[in-house]
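# Structure at a glance
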Amino acid sequence: MATIWNWKSEKIVLRSKAFSQEVYRITFSLENEEQLTSSGTGHIKFWKMVETFTGLKLQGQLGRFGKTALTDIVGYVELPDGKVISGSEWGNMLLWDGGLIKVELSRKDGKPCHQGSINQCVLDEGELITIGSDGSVRDSNGRIWKLDLSFSNITQDPECLFSFHTGVIQAMDLSPLTYLMATTALDCTVRIFDFVRNEELVSVKYRQGGTALTWGPLVRYPDGNIIVVGFHDGVIRVLEIYNPQDLARVAGRTQVGEAEIRLKQALKPHTEDVTAIAYDRNGDILATGSKDNTVFFFQYWDQYVPVGFIRVPGPVVSLEWSPHSFERNTLLIFCENGYVVQVACPDLEELDTTLTFEIPLQKQYYHFKSIRSSIERNYELDRINRIKEEKEKEKQERLKKKKELQAQNAEFTTDEEEEEEEEEEVEPEVELPKIYIPPQPSPILCGFYSKPDTFWLSVGDYDCGFLYHCKFSDNHKISEDISKSEEEPFAFIAIEDAAETPIRKMKFNSEKDLLFCGMEDGAVRIYSIKAHDYKLKSMQGFWSLNVHDNDYGHINQICISHDEQFLLTCGADSNIFAFCIFPQEEIDELVSRKRAVVPFPRMGFARDKLANDIDDPNAYSLENAKQKAESDLILKLAEEKKAKKRMELDKLQNDFKELQNKNAELPEHVQLQKEDFEINKRIQEEIDRQITERIEFVYKEMAWEQEKYLIGLQKLQARFRNAVEYDTVIVHCFESDHKVSTYRVTSFSDKYHQMKMDALRRSQLQVEVKSKDNLFKESKGAGIDMTTDQDMEVDLLAGSQQPVSKMNIGIRHAERLHNLISQTDKAKAKIEQRKKEWTELYLSQPDDNYEDPNDVQAIKDAQEHMGDFKLKTAPDYTVPEHLRINAEKKRNQLIRLEELIHELKSEMSEKVISLRNIKLDIIEQITNLTKELVLIQIKLDPSQHLPIPVVPSMYPDEMPEKKFQYDQEKLLEFRSENLLSKTHTKQFEQVIETEKISGISNATSESSNHPIEGNAVKPAVYETADQSKLEEEIKMIEEKTNLYMQTEILRKINELINNFDAELRVLCHQKYKLDIALKMADLRHVTLFEEVLLLKEFEKSEDILQDRVNQRINERVETQIKSEECFQQQEGKKRDIVKLQEKEKALYATFQISLGENNRHADFLTKVFKKKIRRRKKSEAKISTESDDESEEESDEEFGYSEEEDESDSDDGGVDDTACPETCDPLLFDNTLQLREKRLDIEEALTEEKKTLELIKKEYDMIAKKVKVIEGTVKTAKNDLEVLQRQKQQKLNELFVVVPLKLHQIEYIVNGDMPSDLVSGLVFTNLALTSLQRRIKELHVEKTEQRELYKQARQKHVHLLQDKAEMEAEIAELEEKCYQEMIRKFGRVVDLEALQTLSVNMTLEELQEKIDINNSKFHRKITHREEKIAELQNELIHYTRQYTCRLDQLNMMMTEKEKTETELNIQQKKMGAEIQKQKVKLMEKREQIQLVEKQAQEIKDLQDEISLLTRKGGHILPPAQPPLPQ
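In this report, the structure presented in the accompanying data block is examined. It should be emphasised that the depicted structure is a prediction, and the values quoted were computed from it without experimental measurement. (Residues numbered from 1 in each chain as written. Predicted model: local features only at pLDDT ≥ 70, side-chain atom pairs only at ≥ 80, totals over all residues. Heavy atoms only, no water.)

### As for the sheet that holds strand 24 (residues 274-279)
Just so we agree on the cut-off: For two strands to count as paired, DSSP must find a minimum of two bridges between them. Helix numbers and strand numbers start at the N terminus; a helix is a DSSP run of H or I with at least 4 residues, a strand a run of E with at least 2. Interaxial angle, 0 to 180 degrees, is taken between N-to-C directions of lines fitted to C-alpha atoms, where a helix line uses only the stretch in contact.
Read across the sheet, four strands follow the order 24-25-26-27 without closing on themselves; strand pairing throughout is antiparallel. A single partner strand is all that each edge strand has here, and the edge strands are strand 24 and strand 27 (304-311). Put simply, the sheet's adjacent strands are angled 20° from each other on average, direction ignored. Two strands pair when backbone bridges link them, and strand 24 and strand 25 (residues 285-290) are joined in this way by five bridges, in the antiparallel orientation. By the bridge assignment for strand 25, Val 274 is matched with Ser 290.

### Quick word on the nonpolar core
Short version of the rule: What we call a nonpolar core is a set of buried Ala, Val, Leu, Ile, Met, Phe, Trp, Tyr and Cys residues that are connected through their side-chain atoms within 4.5 Å. Buried, partly exposed and exposed residues are distinguished by accessible area as a fraction of the type maximum, computed with a 1.4 Å probe on protein chains only: under 20%, between the cut-offs, and over 50%, respectively. In this analysis, two residues are considered to be in contact whenever any of their non-hydrogen atoms come within 4.5 Å of each other.
Ranked by size, the top nonpolar core spans 37 residues in total, and within it Val 731, Val 740, Leu 915, Phe 1060 and Leu 1064 carry the most contacts. Contributions of two or more residues to this core are made by helix 12 (887-939) and helix 16 (1029-1155). No other element matches the 14 residues that helix 12 contributes to this core. Non-local contacts of Leu 1064, meaning those with residues more than four positions away in its chain, are made with Val 731, His 732, Cys 733, His 738, Lys 739, Val 740 and Leu 915. In this structure, Leu 174, Met 181, Ile 192 and Val 196 belong to the second largest nonpolar core, which totals 36 residues.

### Some points on the packing of helix 16 against helix 17 (residues 1162-1170)
Cut-off, in case you're wondering: Note on terminology: angles under 35 degrees are roughly parallel, angles over 145 are roughly antiparallel, angles of 65 to 115 are roughly perpendicular, and the others are oblique. Each crossing gets its handedness from the near helix: less than a right angle anticlockwise from the far helix is left-handed, clockwise is right-handed. Side-chain classes follow a simple rule in which Ala, Val, Leu, Ile, Met, Phe, Trp, Tyr, Cys and Pro form the nonpolar group, Asp, Glu, Lys and Arg form the charged group, and the remainder, Gly included, forms the polar group.
The N-to-C vectors of helix 16 and helix 17 enclose an angle of 155°; their axes lie 11 Å apart at closest approach. With respect to helix 17, the axis of helix 16 lies roughly antiparallel. Read as a crossing pair, helix 16 and helix 17 show a hand that is right-handed. Contacts from Leu 1147, Tyr 1148, Phe 1151 and Leu 1155 in helix 16 reach Ala 1162, Leu 1165, Thr 1166, Phe 1169 and Lys 1170 in helix 17. Grouping the amino acids of the contact of helix 16 with helix 17 by side-chain chemistry returns seven nonpolar, one polar and one charged.

### Comments concerning the packing of helix 12 against helix 16
Viewed as axis vectors pointing N to C, helix 12 and helix 16 meet at an angle of 165°, and their least axial separation amounts to 9 Å. As far as their axial angle goes, helix 16 and helix 12 are roughly antiparallel. The crossing of helix 12 and helix 16 is left-handed. Its residues assigned to classes, the contact of helix 12 with helix 16 comprises 30 nonpolar, eight polar and 16 charged.

### Let's talk about the side chain of Arg 372
In this fold, Arg 372 is placed in helix 2 (residues 372-408). Judged by relative accessible area, which is 9%, Arg 372 ranks as buried. Contact partners of Arg 372, with chain neighbours within four places excluded, come to Tyr 462, Asp 463, Cys 464, Phe 466, Tyr 468, Ala 499 and Glu 500.

### Considerations on the packing of aromatic side chains
Threshold: Only Phe, Tyr and Trp rings are paired, with Trp represented by its six-membered ring, and only when their centres lie within 6.5 Å; those with planes under 30 degrees apart are stacked, over 60 edge-to-face, the remainder tilted.
Within this structure, the stated rule accounts for 29 aromatic pairs. Judged by centre distance (6.4 Å) and plane angle (50°), the ring pair of Tyr 279 and Tyr 304 falls under tilted. Residue Tyr 279 is located in strand 24, and its partner Tyr 304 is located in strand 27; the two are separated by 25 residues in the primary sequence. Accessibility classification places Tyr 279 together with Tyr 304 in one group, the buried group.

### Here we look at the pairing of strand 34 (residues 466-471)
Among the six residues of strand 34, five are classified as buried, and the element is accordingly described as predominantly covered. With five bridges connecting them, strand 33 (residues 454-459) and strand 34 associate as antiparallel partners. In the sheet register, Leu 457 faces strand 34, and the bridge partner there is Tyr 468. Linking strand 33 back to strand 34 in an antiparallel pair, the connection comprises six residues, with Asp 461 at a positive phi of about 60°. Where strand 34 meets strand 35 (residues 491-494), four bridges bridge the pair, whose relative direction is antiparallel. Within the sheet, the bridge partner assigned to Leu 467 lies in strand 35 and is Ile 493.

### Topic: the pattern of salt bridges
Just so we agree on the cut-off: Between Lys or Arg on one side and Asp or Glu on the other, a salt bridge is scored when a side-chain nitrogen of the former is within 4 Å of a carboxyl oxygen of the latter.
Taken as a whole and assessed by the stated rule, the structure comprises 38 salt bridges. As a salt-bridge pair, Lys 628 and Asp 632 come within 3.0 Å of each other at their nearest N and O atoms. You can see Lys 628 and its partner Asp 632 sitting in helix 5 (residues 622-665), four residues apart, about one turn around the helix. Taking the relative accessible area as the measure of exposure, Lys 628 reaches 34% and is therefore partly exposed. The class of Asp 632 is partly exposed, set by a relative accessible area of 35%. Linking Glu 1055 and Arg 1051 is a salt bridge whose minimum nitrogen-to-oxygen distance equals 3.0 Å. Of this pair, Glu 1055 and Arg 1051 are both found in helix 16, four residues apart, which corresponds to roughly one turn of the helix. With relative accessibility at 42%, the residue Arg 1051 sits in the partly exposed group. When salt bridges that share partners are traced, they join Asp 194, Arg 197, Glu 199 and Glu 258 into one network.

### Brief notes about the environment of Ala 1219
Turning to its location among the elements, Ala 1219 is positioned in the loop between strand 48 (1199-1200) and helix 19 (1226-1293). Note: C-alpha distance between Ala 1219 and Phe 1229 (ten residues apart in sequence) is 9.1 Å.

### With respect to a negative patch on the surface
Rules: Nonpolar side chains (Val, Leu, Ile, Met, Phe, Trp, Tyr) are joined into patches within 5 Å and like charges within 9 Å, using only residues with over 30% relative accessible area and no salt bridge. Each accessible area is a Shrake-Rupley result for a 1.4 Å probe, and residues are judged covered by the shown protein chains and nothing else. Positive charge is attributed to Lys and Arg, negative charge to Asp and Glu, and no charge count is given to His or to the chain ends. A charged residue contributes its charge at one atom only: NZ of Lys, CZ of Arg, CG of Asp or CD of Glu.
A cluster of acidic residues, Glu 389, Glu 390, Glu 394 and Glu 397, forms a negative patch at the surface. Of note, Glu 394 is situated in helix 2. Residue classification places Glu 394 among the partly exposed residues on the basis of a relative accessible area of 45%.

### Concerning helix 20 (residues 1326-1386)
How we decide: A helix is expected to span 1.5 Å multiplied by its residue count minus one.
A rise of 1.5 Å per residue sets the reference length of helix 20, with its 61 residues, at 90 Å; its end C-alpha atoms lie 85 Å apart and thus fit the reference within 8%. Residues Ala 1328, Arg 1335 and Met 1382 constitute the buried set of helix 20. Gly 1387 sits one or two residues past helix 20 and shows a positive phi near 85°.

### Here's the deal with the sheet that holds strand 23 (residues 260-267)
Ordered in space as 20-21-22-23, the four strands form an open sheet in which the pairing is antiparallel. A single partner strand is all that each edge strand has here, and the edge strands are strand 20 (210-215) and strand 23. Taken pair by pair, the neighbouring strands of this sheet meet at an average axis angle of 25°, ignoring direction. Sheet topology places strand 22 (residues 236-242) next to strand 23; seven bridges connect them, and they run antiparallel. Counterpart to Tyr 242 in the pairing with strand 23 is Glu 260.

### Description of the pairing of strand 10 (residues 100-105)
Pairing between strand 9 (residues 93-97) and strand 10: five bridges, direction antiparallel. In the sheet register, Trp 96 faces strand 10, and the bridge partner there is Ile 101. Linkage of strand 9 to strand 10, two consecutive antiparallel strands, is achieved through a turn of two residues, within which Gly 98 is found at a positive phi near 65°.

### Focus on the state of the cysteines
Selection rule: What counts as a disulfide here is a pair of cysteine sulfur atoms lying within 2.5 Å.
In total, this model carries zero disulfides according to the counting rule given. Its sulfur unpaired, Cys 517 is 7.7 Å from the next cysteine sulfur, which belongs to Cys 446. Classification of Cys 517 by relative accessible area gives buried; the value is 0%. Residue Cys 1068 stays outside any disulfide, its sulfur separated by 7.9 Å from that of Cys 733, the closest cysteine. Residue class for Cys 1068 comes out buried when judged on its relative accessible area of 4%.

### What to know about a nonpolar patch on the surface
The grouping of Ile 683, Ile 687, Ile 691, Ile 695 and Tyr 699 at the surface amounts to a nonpolar patch, some 490 Å² of accessible area in total. By secondary structure assignment, the location of Ile 687 is in helix 6 (residues 681-701).

### Quick word on the side chain of His 270
Test applied: Under this definition, polar contacts are N or O atom pairs within 3.5 Å; protein pairs additionally need one hydrogen-donor-capable and one acceptor-capable atom, and for neighbouring residues in sequence, both atoms have to be side-chain atoms.
As for its position among the elements, His 270 is in the loop between strand 23 and strand 24. Relative accessible area serves as the criterion here: at 0%, His 270 is assigned to the buried category. A polar atom in the side chain of His 270 sits 2.8 Å from the side chain of Thr 288. Side-chain polar atoms of His 270 contact the side chain of Asp 292, separated by 3.5 Å. Beyond its immediate chain neighbours, meaning those up to four positions away, His 270 contacts Asp 233, Gly 234, Thr 288, Gly 289, Ser 290, Asp 292, Thr 294, Val 295, Phe 296 and Ser 621.

### A word on unusual backbone geometry
Phi at Asp 461 is positive, roughly 60°, even though this residue is not glycine. Along the chain, Asp 461 turns up in the loop between strand 33 and strand 34. One non-glycine residue, Asp 497, lies in the positive phi region at around 55°. Within the secondary structure layout, Asp 497 lies in the loop between strand 35 and strand 36 (503-508).

Printed below as a string of structure tokens:
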């Protein structure tokens, strides 16, 4: 349980269930107080605390581990950016972001941060410190701390247990005099260890990580106190190791270590990592190799002096100087990309390094070529040849033995032997391995000299597993095609058990009889070889020990101590191992006696100055510094030469100016013209041409910069300007402080347009259909008409209504038949008309579920428009269908709101822009009017002048687009502002202002100058002669006209200004209103956005539930449609049965009519007509005609019976229907047989229809049950959706919505006063409240009206029931009367419609003639068929005889089979008895084994119980007692 307290008030603020298991820790975030983090058993949880109007709420997100194993989390720390780092049980750290693990943090090479769980994490000034259950605190400097976590009064201070390198140890070397070890790594430290005592003596740290290290040779440093270290930035540092004990005594220091390191010299020969350092055999030359593909040489005098460098084809891996046994002193350079370079020791006297340190040394190149595939191919060939030789020997031996056998047995045949030899000769061809050369050369790892110009190589990657013996050739000198020349090694040695594990380092002892190898998998191998066996022929057996990590612990260095008693290795797993060559018994004594001796300081050590270090990683290397100094010298000389030339030019210019002055002092006729000073016009033309070319060159040179800045400007415009439809424009009034501004309107983004297009596309795809519940009603109305009856077809009986005798039909009889036919036709028409009326009546009958459409529409309108004013916060509130909202609809509302806001802002901005344009026009008009006014005032006396209004100007914020408009003048002005100083800039601005003032004074004449102008004009007027009266009148008229024009122009100017100010104030008022509306729209926008975010949380579950509801509704509709179809089929079958029954009745009536009256054979013919006979089904009859040969195997199942065929034929009285009685009319007899066939057809059809009807009824019942089940599922799905809608509405109710109200709109009064808290108030519109009050009165009136209507409808219902009872009584009386009449007239109930529709069939005689013709045809066909049957029977007899012979053979074989089975059964019985005995023995043995196992388990249980009882503090229980007998 998580509990939030207000600790000041000592109250609980919030409680929430944190997790189902134990919680160890919960903290607030230091950066965000609304975020919390908790952790515990198997979990970490991230919380957000939100304050709503209902109080504080916590929302927790459980951290998901994903593929990472589940772990208990004790310690964690929150980072400033919101991420969280937590510990784990296995010692690594987990970085959490958004509830997911982004990365798992460990040390380099996959090592865990702690050996155990991390209990605490601390973030201190950007440094992360972790505390683990292993009792250690690990920091980023490679130190392991021991902390006292008891938190008592005597807590001890943290203790640093050990300090070591962090990361891969790059280099290591041992002192040539004592047991000191120097190491360096990328953690920027160099450390000195006493490896015998396993103690660190001193450590020093630099700015860059160390990459190479070597100890100075004794030849140069007899004290063994110098090490040379190479670093990551290309610097090498010469460090001196000394014992500070004596120096400390002199200086008065008390706490000093056993050793200290002092920088003696720092050089930077390289620009990248220093990878190798090596001294030559004399110790005079120091060579360093680097990844920058250079090798630098230094010579030692008092300090290391750079000699020069050479370039090599690839990054240097290692350096190897030739031993003393070689004549020449050469250096072997191994490059990573497969090159080996050999150079001689540089000769200092022949080198010139004044300009560059690169020296021309003769080089020999060797480019390694892969031969591993060739080696494997040769191995395979040798194996195949050996197999062939062995097979050849075996073959020769076999031939020898065969010859001996032939000599002993002369009759021995060799045919089979020859076949065997031929088979042996055919051998499958074995596919040899293909020659493969890797596209990238394998990297060289290490190597050493074997003899001059010959060396061994160890290679990685594809070519690993071998040592390659290589040699330089003379043609591999310096050339341009060294990258193309490759040469194969001339010999190789396969490394045993190292096919995929190369040798990374090799080291010989002093006697050259042991070879120490460091492997890729971290193992150390020692090969015993013969002394000075550089061909390695004796390299056979080896001793191996896996010490470093197998995966990431390859050995970087392997060293032997000076006395060859210790072997040390360092690997990429940050470990160093030391091995003692002595036996285990002598190691402890040896370690206790031996101790590293630190060299003492040399003479004059204290007086030496401290060397200057190179701390800047970007400092120049030796070569770059020399090149820079050379370039500076060249530049200095060039500048001096330029200065000298400039002085000469200045002198020539001064001389030319003196000549020009002297020429100007001469008389004009003697002076020289400007053209005369030109010595040659071509020179000026050439100068102009050069200037033009330089200008063009500058244009071309600056084209890229111009295009770059142009593209940058376009990008800035696209980012900040192109999207702006209306910038902020502020329009000011002329005579007041009123102003109105536009809105800064940006165009819609592409994302917005895409969302809008998606919304439009979805709206177009949605088809407005009716609800699924109404779909069934529509399909039901469009279904098959249940009451539509078809005409009953009785044409089947048309030809068999009455037998026609052979006697001639008279005229009267013909007329009677004609009358009967006409009466029958009328009866048929009458019956059809009556059926049609009945059909229309049944169609007009409403359904039981029928609803009046007017009532349905009225109810729907009431539900939609009358409104249900339940509070949305009510627990029983149900969201109406048309008010349900989802994220998509809300997003569309948000889009529409943004469109509306954009439209309103654009309209207002367009109005402001139009007003600004009007202002520009007004200023232009005022300017023109002012000019006109000035011209008028020139004609007037100055005393009559009215003040000229100042022409208004546009403010800068009214024309903001001018900020982005520039021309050449502005660009030059901008350039001058950047180039000139501040004083020059001020002078420049003053000049511009004076120019502007002078321009304005020249453009417009100010009012202060007008009197002067008037005075200037006035003397010219008064100096004229006296004017006449007419001229004075004209002058007076002109003066009045000018005065009027002056007044009118001033009025127009004032009118323009006043009208504009009025329009601006009106627009300003409109904008204030629009600001209010837009502010409300912004609030609505915020609300909609919050609702969208909230609805997105419900979107997925709502879609699932809605799909489920739609699916259930579709199932219901489909099932209802099936049910309706089944019902329609059922009704159709019922109608078909009724039709068949009607046909059957009509057939009986036809038979009675055909008998006539007083027929003496009526009983016989009736029995014949009603006789039940077996008839073959039509489908089976067709099959039987096609397969007459199988008639003997036919069973009774092939025959179909009528509905009553199970009854006995005893009622027929043994009627013989095969022959007609002599006294009976044959035509009548045949007609009876035909009618019987038709009756049987009808009965069979009726039986089939009834069976089909039963099946349809069953299916209809099943579908009805399914519909009920689906109805329940639909209801459940709708309820689930309704619950979700209610939950969604409750979440929406929690959102805050701003509703601005005025005081007169608040009618919430409690005890006569308005309460301070309006939480329980309800926001409601006055219109809705008035309509509700009016609706109450309307409902009273409607209630009274409905009661009156209900009373009238009830009375009408009673009258209708009475009328129905009277009609039913009358119908029953008429039916009884009809029944009595039928009995009286016919003696039984008959179908009157069938009697009315019977008529005489006139085509019977024509059919009889057709029957005779067909009988003769059928007789001929029968005869032909009988002949064919006879032939087939003969053929059948023949096949039957063959079949009988086959059966006899089968019988004999079956007899033999029975005998064989009898014998087998006897043998199996004998075997069964023996097997049974063995089974009994096995069962006994299993029982004994089970008994033994059971006893052993009991013994074990007793032992466990004994051990439990013998423990300290154990409870001794009484022995188990068996249950008491009952």
